[in-house]
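Now for the letters of each chain:
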Amino acid sequence: MNQTELNKNKQLPSKKERHKLFGSVDPGPRTKPEQKEKMVDLQNSKKDFLFNIDMVGISNVKHPIQIPSQLVPQIQTTIGTFTFGSSIAQGSKGTNMSRFTEQLDKYHHEGFAIDIETLKKFTKELAGRLKQEDAEVEVSFPWFFERKGPYSDLAGMNHADATIKVLYDHTTGYDVTVELTGKITTLCPCSKEISEYSAHNQRGNVSMSVKLTEDFDEQQIDWKAALLEAAESNASARIHPVLKRPDEKMVTEQAYENPRFVEDIVRLVAADLYEYSFVEAFEVSCRNEESIHLHDAVATLSYDKKQEKTR
Ligand SMILES: Nc1nc2c(ncn2[C@@H]2O[C@H](COP(=O)(O)OP(=O)(O)OP(=O)(O)O)[C@@H](O)[C@H]2O)c(=O)[nH]1
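Residues numbered from 1 in each chain as written. Predicted model: local features only at pLDDT ≥ 70, side-chain atom pairs only at ≥ 80, totals over all residues. Heavy atoms only, no water.

- Per an unreviewed UniProt entry, the protein chain goes by the name GTP cyclohydrolase FolE2 and belongs to Halobacillus naozhouensis.

Here's what the structure looks like:
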């Protein structure tokens, strides 16, 4: 019998026997309780555990979410990556980690929309569920927006990476920070200045982290669109998914007419963030993936409007 005929007549052992063949063993004697009420609750033991913990929780939690957007498409289902946590005092051993995902599932069934008001409610409720004075929630997601070619008007989809962080504290209230990283074109001013023709240009990554004012109203302002505009309107050129030749000519010439160092980008974006009334404090950085080097060029600037100063 050749190998093909052998395979045709193969008699497999049962699935249970197959598992034994590959090392599974019968369960041993059971001595510990199986009912929740009889189980030891280590997490809730009270003793002097030496230190307070600033934050304990779970991270890298992936979940489908809906996000609002004032740009097209206005309703988006995307994947959120969450971190949940709270502080715990020196006298408690641990947190109850199942309660984070329990609360997430509850909101999911109620149609969890990732807007700032809902996230604030979620965070305060989470503190209550954990029986703690504070809680924090962070969610990151790709945000999509339609972009049209400057001449042809042909549309396609671009995206930026967005993050919302909400801290709730029983005594001090809420602290909301939003972040956006968008991509731009930058053309080197030095290269343009010294060369007989051409100038090197590259894709730049602009990251903005913004502390929102207490009265921020997401119904009035889409923070994602506002931060994207701060990055793109100060770039050498915007980035497009669809470009026909007349579009390509326009963005090439626009970039040549608006050369920018990384330093120029962070200062110009900072000026726009300074002018946005919903921004209390911010950090902006730019990372250019240099086309004439293997390394990147980077710059960072931070500013607190309340203190009227850079770091
Ligand atoms: N505190 C703590 N829990 C962990 C750790 N690693 C895993 N766990 C979690 O322990 C969880 C079960 O604990 P709890 O959430 O306290 O469960 P419980 O006490 O039955 O829940 P409640 O009825 O809400 O009090 C599981 O979700 C595990 O993920 C850890 O390092 N610290």
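1. Digging into the state of the cysteines
Here is step 1 of the chain: Considering all chains together, one arrives at 0 disulfides under this definition.
Here is step 2 of the chain: No disulfide involves Cys190; its sulfur sits 5.0 Å from the nearest other cysteine sulfur, which is in Cys188.
Here is step 3 of the chain: No disulfide involves Cys286; its sulfur sits 12 Å from that of Cys188, the nearest cysteine. (Disulfide = S-S within 2.5 Å.)

2. Digging into the confidence of the model for the protein chain
Here is step 1 of the chain: Looking at the protein chain, pLDDT values average 96 and 97% of them are 70 or higher.
Here is step 2 of the chain: On the interface metric, ipTM, the complex scores 0.95, and its pTM is 0.93. (pLDDT = per-residue confidence, 0-100.)

3. What to know about the UniProt feature "site: May be catalytically important" (unreviewed entry) in the protein chain
Here is step 1 of the chain: Residues annotated in UniProt with the feature "site: May be catalytically important" (unreviewed entry) correspond here to Cys188.
Here is step 2 of the chain: Among the secondary structure elements, Cys188 is positioned in the loop between strand E5 (173-187) and helix H5 (189-194).
Here is step 3 of the chain: Beyond its immediate stretch of four places on either side in the chain, Cys188 contacts Ala199, His200, Gln202, Pro259, Arg260 and Phe261. (UniProt positions renumbered as here; feature names shortened; annotations may be inferred. Helix = DSSP H or I, 4+ residues; strand = E, 2+ residues; numbered from the N terminus. Contact = heavy atoms within 4.5 Å.)

4. Regarding the packing of aromatic side chains
Ring pairs (aromatic) are described by centroid distance and by the angle formed between their planes.
Here is step 1 of the chain: By the definition in use, this model includes 13 aromatic pairs.
Here is step 2 of the chain: With a centroid separation of 6.2 Å and an interplanar angle of 20 degrees, the aromatic rings of Phe82 and Phe112 are classed as stacked. Placement of Phe82 in strand E2 (residues 75-88) and of Phe112 in the loop between helix H3 (98-109) and helix H4 (116-130) is noted, with a sequence separation of 30 residues between them.
Here is step 3 of the chain: Ring centres of Trp143 and Phe145 lie 5.0 Å apart, and the angle between their planes is 35 degrees; this geometry places the pair in the tilted category. Both residues of the pair, Trp143 and Phe145, count as buried.
Here is step 4 of the chain: Following the ring pairs from residue to residue traces out a cluster consisting of Phe82, Phe84, Phe100, Tyr107, Phe112 and Phe122.
Here is step 5 of the chain: Directly above the aromatic system of Tyr256 lies the positively charged group of Lys192, at a separation of 4.4 Å from the ring centroid. (Phe/Tyr/Trp six-rings, centres within 6.5 Å; stacked < 30°, edge-to-face > 60°. Buried < 20%, exposed > 50% of the residue type's maximum accessible area, 1.4 Å probe, protein only. Lys NZ or Arg CZ within 6 Å of the ring centre and 35° of its normal.)

5. A short note on the pattern of salt bridges
Here is step 1 of the chain: Here the structure, examined in full by the defined rule, presents 16 salt bridges.
Here is step 2 of the chain: Between Arg129 and Glu102 there is a salt bridge, with the nearest N and O atoms lying 3.6 Å from each other. Within this pair, whereas Arg129 is found in helix H4, its partner Glu102 is found in helix H3, the two being separated by 27 residues in sequence.
Here is step 3 of the chain: With its nearest N and O atoms 2.9 Å apart, the salt bridge here joins Lys106 to Glu125. Taken together, the positions of Lys106 in helix H3 and Glu125 in helix H4 put the pair 19 residues apart, joining distant regions of the chain.
Here is step 4 of the chain: Residue Glu125 is classed as partly exposed on the basis of its relative accessible area, which comes to 28%. (Salt bridge = Lys/Arg side-chain N within 4 Å of Asp/Glu carboxyl O.)

6. Considering the site of the ligand
Here is step 1 of the chain: In the vicinity of the ligand, the contacting residues are Lys36, Gln43, Thr95, Asn96, Met97, Ser98 and Arg99.
Here is step 2 of the chain: The contact in question runs from a nitrogen atom of the ligand to an N or O atom on the backbone of Thr95, over 3.0 Å.
Here is step 3 of the chain: Between Ser98 and the ligand, the recorded distance is 2.5 Å, taken from a side-chain N or O atom to an oxygen atom.
Here is step 4 of the chain: Relative to its free-state accessible area of 660 Å², the ligand is covered by the protein chains to the extent of 52%.
Here is step 5 of the chain: Residue composition of the shell around the ligand, grouped by class: 1 nonpolar, 4 polar and 2 charged. (Near = heavy atom within 4 Å. Polar contact = N/O pair within 3.5 Å; in protein donor to acceptor, adjacent residues only side chain to side chain. Areas by Shrake-Rupley, 256 points an atom, 1.4 Å probe, with all protein chains shown as cover. Nonpolar A, V, L, I, M, F, W, Y, C, P; charged D, E, K, R; others polar.)

7. Looking at the packing of helix H6 (residues 223-232) against helix H8 (residues 262-275)
Here is step 1 of the chain: Remark: H6 packs on H8, axes separated minimally by 8 Å, with the N-to-C direction vectors making an angle of 145 degrees. The handedness of the crossing between H6 and H8 comes out as right-handed. When H6 is examined against H8, the residues Leu227, Ala230 and Ala231 are found in contact with a partner set consisting of Val269, Asp272 and Leu273.
Here is step 2 of the chain: Tallied by class, residues from the contact of H6 with H8 come to 5 nonpolar, no polar and 1 charged. (Axes fitted to C-alpha atoms, helices over the stretch in contact; angles between N-to-C directions. Left-handed = near helix turned anticlockwise from the far one by under 90°.)

8. Here we look at the packing of H3 against H4
Here is step 1 of the chain: Running from amino to carboxyl end, H3 crosses H4 at an angle of 140 degrees, the nearest separation of the two axes being 10 Å. On the basis of their axis angle, the class for H3 and H4 is oblique. Pair H3 / H4 crosses with right-handed handedness. Between H3 and H4, the residues in contact are Arg99, Phe100, Glu102, Gln103, Leu104, Lys106 and Tyr107 and Thr118, Lys121, Phe122, Glu125, Leu126, Arg129 and Leu130, respectively.
Here is step 2 of the chain: Along the lines of polarity and charge, the residues of the contact of H3 with H4 split into 6 nonpolar, 2 polar and 6 charged. (Parallel < 35°, antiparallel > 145°, perpendicular 65-115°, else oblique.)

9. Here we look at H8
Here is step 1 of the chain: Counted at 1.5 Å a residue, the expected span for H8 with its 14 residues is 20 Å, and the 20 Å between its end C-alpha atoms agrees.
Here is step 2 of the chain: Buried within H8 are the following residues: Val262, Ile265, Val266, Val269, Ala270, Asp272 and Leu273. End-on, the buried residues of H8 take up no more than an arc of 165 degrees, which puts them together on one face. For H8, exposure combined with an orientation more than 90 degrees from the buried face picks out Arg267 and Glu275.
Here is step 3 of the chain: Where H8 is buried, its residues touch E5, strand E6 (201-212), H6, strand E7 (279-288) and strand E8 (297-304). (Expected span 1.5 Å × (residues − 1). Arc of directions from axis to C-beta.)

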